[in-house]
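# Coordinate analysis (summary)
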Amino acid sequence: VHLSGYNHKVNVLMERIVHTMKDVPTKVTSDVFERIKDKVTKEYQNFQFAHPYQHAFYGGDLCVESLKWSMEDKMGALANVSLEDVQYFAKRLLSRFKAEMLIHGNVSVDEATTIAQTLTDGLQPCTPFPSSHSNIRVTQLEASQDYVYRFAEFNEGNTN
């Protein structure tokens, strides 16, 4: 969740977001789900026609981020996802998680604590199981070494 704006209204916005997050599994209709799924599918497909430098950054990210999903993996997973899958996942996701927050700017300690408390009190998550803790890992590249990662161009018609 990323909030910005007038700090005296942020807590009100956080309350509304928490309420909406809790209601998502029951409020999403099959029509809305299909529209969102279609939109995301088109975004993934359109990535194939992005500029080559964007593909280069994507390839670099795949090399150094161990938890990065490839575009092919994302498209394959999305093709088989159903509304029931999303509803089940949303309930499980919101029932057990660890929240890390950074609240900065023109906010007092008490206001920051209230905002954080709004999220945790509203969702009431259980502590995640130790086995589900993920470590974000990035590969360190050695100095003065050459690294090459090759993959086929998504858009065969692009001569760049």
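We now examine the confidence of the model for the protein chain. For the protein chain, mean pLDDT is 86; residues scoring 70 or higher make up 98% of the total. Within the protein chain, helix H1 (residues 7–27) has the poorest average pLDDT of any element, 86, and helix H2 (residues 30–47) the best, 95.

In this section: the packing of aromatic side chains. Applying the stated criterion across every chain, the model contains four aromatic pairs. Plain terms: the ring middles of tyrosine 53 and phenylalanine 57 are 6.5 Å apart, the flat faces sit at 90° to each other, and that makes the pair edge-to-face. Taken together, the positions of tyrosine 53 and phenylalanine 57, both in helix H3 (residues 52–64) and four residues apart, correspond to about one turn of that helix. Between tyrosine 149 and phenylalanine 151, the aromatic rings sit 5.6 Å apart at their centres with planes inclined by 45°, giving tilted as the arrangement. Residue classification places tyrosine 149 among the partly exposed residues on the basis of a relative accessible area of 43%.

Another aspect to go through is the pattern of salt bridges. It is possible for side chains of opposite charge to pair when their charged atoms get near one another. Taken as a whole, this structure holds three salt bridges when the rule is applied. Lysine 42 is the partner of aspartate 38 in a salt bridge, and the nearest nitrogen-oxygen pair spans 3.2 Å. Highlighted residues: aspartate 38 and lysine 42, both in helix H2, separated by four residues, approximately one helical turn.

Take the environment of glutamine 48 next. Residue placement: glutamine 48 occurs in the loop between H2 and H3. Each C-alpha atom of the pair glutamine 48 and leucine 93 lies 30 Å from the other, and the pair is 45 residues apart in sequence. Apart from residues no more than four positions distant in its own chain, glutamine 48 is found in contact with His55, Met75, Glu153, Phe154 and Asn155.

So, on to H1. Spanning 21 residues, H1 covers 29 Å between terminal C-alpha atoms, matching the ideal 30 Å at 1.5 Å per step. Largest kink in H1: about 30°, centred on methionine 21, with the proline proline 25 one to four residues after it. All buried positions along H1 are accounted for by Val10, Asn11, Met14, Val18 and Pro25. Against the buried residues of H1 lie helix H5 (83–95) and helix H6 (109–123).

Where H1 meets H6, the axes come as close as 9 Å, and the angle between the chain directions of the two elements is 10°. By the criterion of interaxial angle, the relationship of H1 to H6 is roughly parallel. Where H1 abuts H6, its residues Asn7, Val10, Asn11, Met14, Glu15, Val18, Met21 and Lys22 lie against Glu111, Thr114, Ile115, Thr118, Leu119, Gly122 and Leu123. In terms of residue class, the contact of H1 with H6 is made up of seven nonpolar, five polar and three charged.

Attention now moves to the side chain of lysine 37. Mapped onto the elements of the fold, lysine 37 is located in helix H2. At a separation of 2.9 Å, a polar atom in the side chain of lysine 37 contacts the main-chain carbonyl oxygen of valine 81. Residue contacts for lysine 37: discarding those within four places in its chain leaves Leu78, Ala79 and Val81.

Conventions used here
Residues numbered from 1 in each chain as written. Predicted model: local features only at pLDDT ≥ 70, side-chain atom pairs only at ≥ 80, totals over all residues. Heavy atoms only, no water. pLDDT = per-residue confidence, 0-100. Helix = DSSP H or I, 4+ residues; strand = E, 2+ residues; numbered from the N terminus. Phe/Tyr/Trp six-rings, centres within 6.5 Å; stacked < 30°, edge-to-face > 60°. Buried < 20%, exposed > 50% of the residue type's maximum accessible area, 1.4 Å probe, protein only. Salt bridge = Lys/Arg side-chain N within 4 Å of Asp/Glu carboxyl O. Contact = heavy atoms within 4.5 Å. Expected span 1.5 Å × (residues − 1). Bend = angle between axes of the 7 residues up to and from the residue. Axes fitted to C-alpha atoms, helices over the stretch in contact; angles between N-to-C directions. Parallel < 35°, antiparallel > 145°, perpendicular 65-115°, else oblique. Nonpolar A, V, L, I, M, F, W, Y, C, P; charged D, E, K, R; others polar. Polar contact = N/O pair within 3.5 Å; in protein donor to acceptor, adjacent residues only side chain to side chain.

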